[in-house]
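Analysis of the macromolecular model
Letter by letter, the chains look like this.
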Amino acid sequence: MIDYSIFEQNLSAVRARMVQACERSGRPVDAVRLLPVTKNHPVAAVEYVLRSGMGAVGENRVQEAADKHSSCNTGLQWELIGHLQSNKAQDAVAIFDRIQSVDSLKLLRRLDRFAGEQDKTLAILLQCNTGEDPNKHGFKVSEADLVLETALGLEHLRVDGLMTIAPLSENPDVARAAFEALRCLRDSLTERFAVPLPELSMGMTGDLEAAIAAGSTQIRVGTALFGEREY
Ligand SMILES: *Cc1c(COP(=O)(O)O)cnc(C)c1O
């Protein structure tokens, strides 16, 4: 694990990239938030986030997050960004404040049921595979109407917006197209369903500039903050 001083330097560098990307696309600097992704790093990564004054972490596995959560849970917001198997939905609802990786109708219904049983309203994002990447989870654009309609009908869920992971590619146009497709989808869903869907979670270490240019409201960054993942 890197030292805290290195983390601070990395954080400044990521913030500088965010500011520059916002300025280039004529967006206010506070229009985009940074979600530090602590997956595959020891609990020290979560402690660094707390110490730096940021309020949330992203994790991609329920068990790993549960372990860190139990040793380090002082007022942080925990966000699930990785694929969730339905048999882990109950635990996920208990640990996470928001689940960004909602990618099936079955999962939607289970999350609603467990949120109801645990007496909470669970914030979610609908993950959409706008890059049509066969290696990625997420709804198809053509399924979005049905998915959103279903989600809006579930009492214990609150849909904050959409999430996507761009396909890995040497060609930056590929990520840009996936991000623009997510924003267009959000705009059309907002209009047709008359719901705000303010959150567009898109952009990671390698493609955050393209995501911000396309309207991202939250970038999810691991490597640029914590270095290469350790396990
Ligand atoms: C790991 C991960 C990230 C962070 O990726 P980096 O390239 O390390 O910044 C962002 N989003 C999701 C869904 C991830 O799984």
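This section reports on the structure supplied with the text. (Residues numbered from 1 in each chain as written. Predicted model: local features only at pLDDT ≥ 70, side-chain atom pairs only at ≥ 80, totals over all residues. Heavy atoms only, no water.)

**Regarding the site of the ligand**
The criterion, for reference: Consider each residue's heavy atoms; a residue with any of them within 4 Å of a molecule or strand counts as near. The definition of a polar contact used here is a pair of N or O atoms within 3.5 Å, where within protein one atom must be able to donate a hydrogen and the other to accept one, and adjacent residues in sequence count solely through side-chain atom pairs. Surface accessibility in these figures is a Shrake-Rupley result with a 1.4 Å probe; residues are shielded only by whichever protein chains are displayed. As a working rule, the residues Ala, Val, Leu, Ile, Met, Phe, Trp, Tyr, Cys and Pro are called nonpolar, Asp, Glu, Lys and Arg charged, and the rest polar, with Gly in that last group.
Surrounding the ligand, one finds Lys39, Ile81, Ile165, Met204, Thr205, Arg220, Val221, Gly222, Thr223 and Arg229. In this structure, an oxygen atom belonging to the ligand sits 2.5 Å away from a side-chain N or O atom of Thr223. At a separation of 2.7 Å, an oxygen atom of the ligand approaches a polar side-chain atom of Arg229. The fraction of the free accessible surface of the ligand (390 Å²) that becomes covered by protein chains is 90%. Per-class residue counts for the shell around the ligand are four nonpolar, three polar and three charged.

**Quick word on the state of the cysteines**
Going by this rule: In what follows, a disulfide is any cysteine sulfur pair within 2.5 Å.
Applying the stated criterion to the full structure yields zero disulfides. The cysteine Cys22 is free of any disulfide, with Cys184 supplying the nearest cysteine sulfur at 19 Å.

**Some remarks on the nonpolar core**
The criterion, for reference: Among buried residues, the Ala, Val, Leu, Ile, Met, Phe, Trp, Tyr and Cys ones that are joined through side-chain atoms within 4.5 Å form a nonpolar core. The buried label goes to any residue with under 20% of its type's maximum accessible area, the exposed label to any with over 50%, and the partly exposed label to all in between, with areas taken from a 1.4 Å probe on protein chains only. Each helix is a run of DSSP H or I of at least 4 residues and each strand a run of E of at least 2, with the numbering of both proceeding from the N terminus. Residue contacts are defined here by distance: any two heavy atoms, one from each residue, within 4.5 Å place the two residues in contact.
With 68 residues, the main nonpolar core has Leu34, Phe96, Ile99, Leu108, Leu111 and Leu126 as its most contacted residues. Top contributing element to this core by residue count: helix α1 (residues 4-24), with seven residues. If sequence neighbours within four positions are ignored, Leu34 has contacts with Leu11, Val14, Met18, Met54, Ile219, Val221 and Leu225.

**What about the pairing of strand β2 (residues 56-59)?**
The test is simple: Two strands qualify as a pair provided DSSP detects at least 2 bridges between them.
In β2, alternate side chains face the same way, and those of Ala56 and Gly58 on one face and Val57 and Glu59 on the other are all buried. In this sheet, strand β3 (residues 77-80) lies alongside β2 in parallel orientation, the contact comprising four bridges. Bridging across to β3, Val57 finds its partner in Trp78.

**As for the pattern of salt bridges**
Note the threshold: One speaks of a salt bridge when a side-chain nitrogen belonging to Lys or Arg is within 4 Å of a carboxyl oxygen belonging to Asp or Glu.
The tally for this structure, following the rule as stated, stands at 14 salt bridges. The closest approach of N and O atoms between Glu209 and Arg17, which form a salt bridge, is 2.8 Å. Of this pair, Glu209 sits in helix α8 (residues 208-213) while Arg17 is found in helix α1, placing the two residues 192 residues apart along the sequence. Classification of Glu209 by relative accessible area gives partly exposed; the value is 32%. The class of Arg17 is partly exposed, set by a relative accessible area of 24%. Its salt-bridge partner being Glu64, residue Arg61 comes within 3.1 Å of it at the nearest N-O pair. Arg61 gets classed as partly exposed once you look at its relative accessible area, which sits at 41%. Via salt bridges that share partners, Arg33, Glu79, Arg98, Arg158, Asp160 and Glu199 belong to a single interconnected network.

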